[in-house]
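# An overview of the molecular structure
Below are the chains, spelled out letter by letter.
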Amino acid sequence: METTRLEAEVYSAMINDAILMGLLPKGDKSIFHLQAPTVYPDYAILVYAPISDVPVLHGDNAENLHRVTIRIHIITVDGEYTEIYAAVRRIMADLGFTRLQTTPLMIDDRKMLVVDFKITIGR
């Protein structure tokens, strides 16, 4: 599976999850690919992006498996991301991802949780 297809599956799983959609003020309009808008009126929002795609197994001069890491930023004003994080974790686990790391950040008066998920898949 190519990374672009995997990204589409992540997005689809997020927008089709009623719990997550209920936690985001504008539902699917609160989810962005690669970059958040510079100005956005309603937080919390999610930003998802692939940060790596690394071959892990070769055979017969071909790549057989690769590990993809998807980073999800949960961006808030007040730091209330616990329920959103739980929903995102559940969704990603259902897709076969494993959480790699979690980092809380504060940038430009926005409190966020950055979570990396990895999966190993065949081509």
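First, a word on scope: everything that follows refers to the structure included in this document.

Thresholds applied
All residue numbers here refer to positions counted from 1 along the written sequence of the relevant chain. Since the coordinates come from a predicted model, pLDDT governs what is reported: local features require at least 70, and pairs of side-chain atoms require 80 or more to be given and counted, while whole-chain, interface and lining totals use all residues. Heavy atoms from the whole structure form the basis of all side-chain values; hydrogens and water molecules are not counted. Put simply, DSSP marks the helices as runs of H or I at least four residues long and the strands as runs of E at least two long, and each gets a number from the N terminus on. Two things to know: the radius of gyration comes from C-alpha atoms, and the globule rule equals 2.2 Å times the number of residues to the power 0.38. The cut-offs for exposure are 20% and 50% of the maximum accessible area for each residue type, with area from a 1.4 Å probe on protein chains only; residues under the lower value are buried, those over the upper are exposed, and the others partly exposed. Here, two residues are considered to be in contact whenever any of their heavy atoms come within 4.5 Å of each other. Only the protein chains shown count as cover for residues, and all accessible areas are computed by the Shrake-Rupley method using a 1.4 Å probe. Here the positive residues are Lys and Arg and the negative ones are Asp and Glu; neither His nor the chain ends is included. Note on charges: their place is set at NZ of Lys, CZ of Arg, CG of Asp or CD of Glu.

Further remarks concern the overall build of the protein. Of the regular secondary structure elements, the protein holds three helices and five strands. In sequence order, the secondary structure elements of the protein are arranged as α-α-β-β-β-α-β-β. For 123 residues, the compact-globule estimate of 2.2 N^0.38 gives 14 Å, and the protein sits close to it at 15 Å. A principal-axis box enclosing the C-alpha atoms of the protein has dimensions of 50 × 30 × 20 Å. Looking at the 123 residues of the protein, the share that counts as buried comes to 36%. For the protein, contacts bridging at least 24 residues in sequence account for 54% of all contacts bridging at least 6. For the protein, the exposed area adds up to about 6,900 Å²; of that, 51% sits on carbon and sulfur atoms. Of the charged side chains in the protein, 12 are positive and 16 negative; the average position of the first set lies 2 Å away from that of the second.

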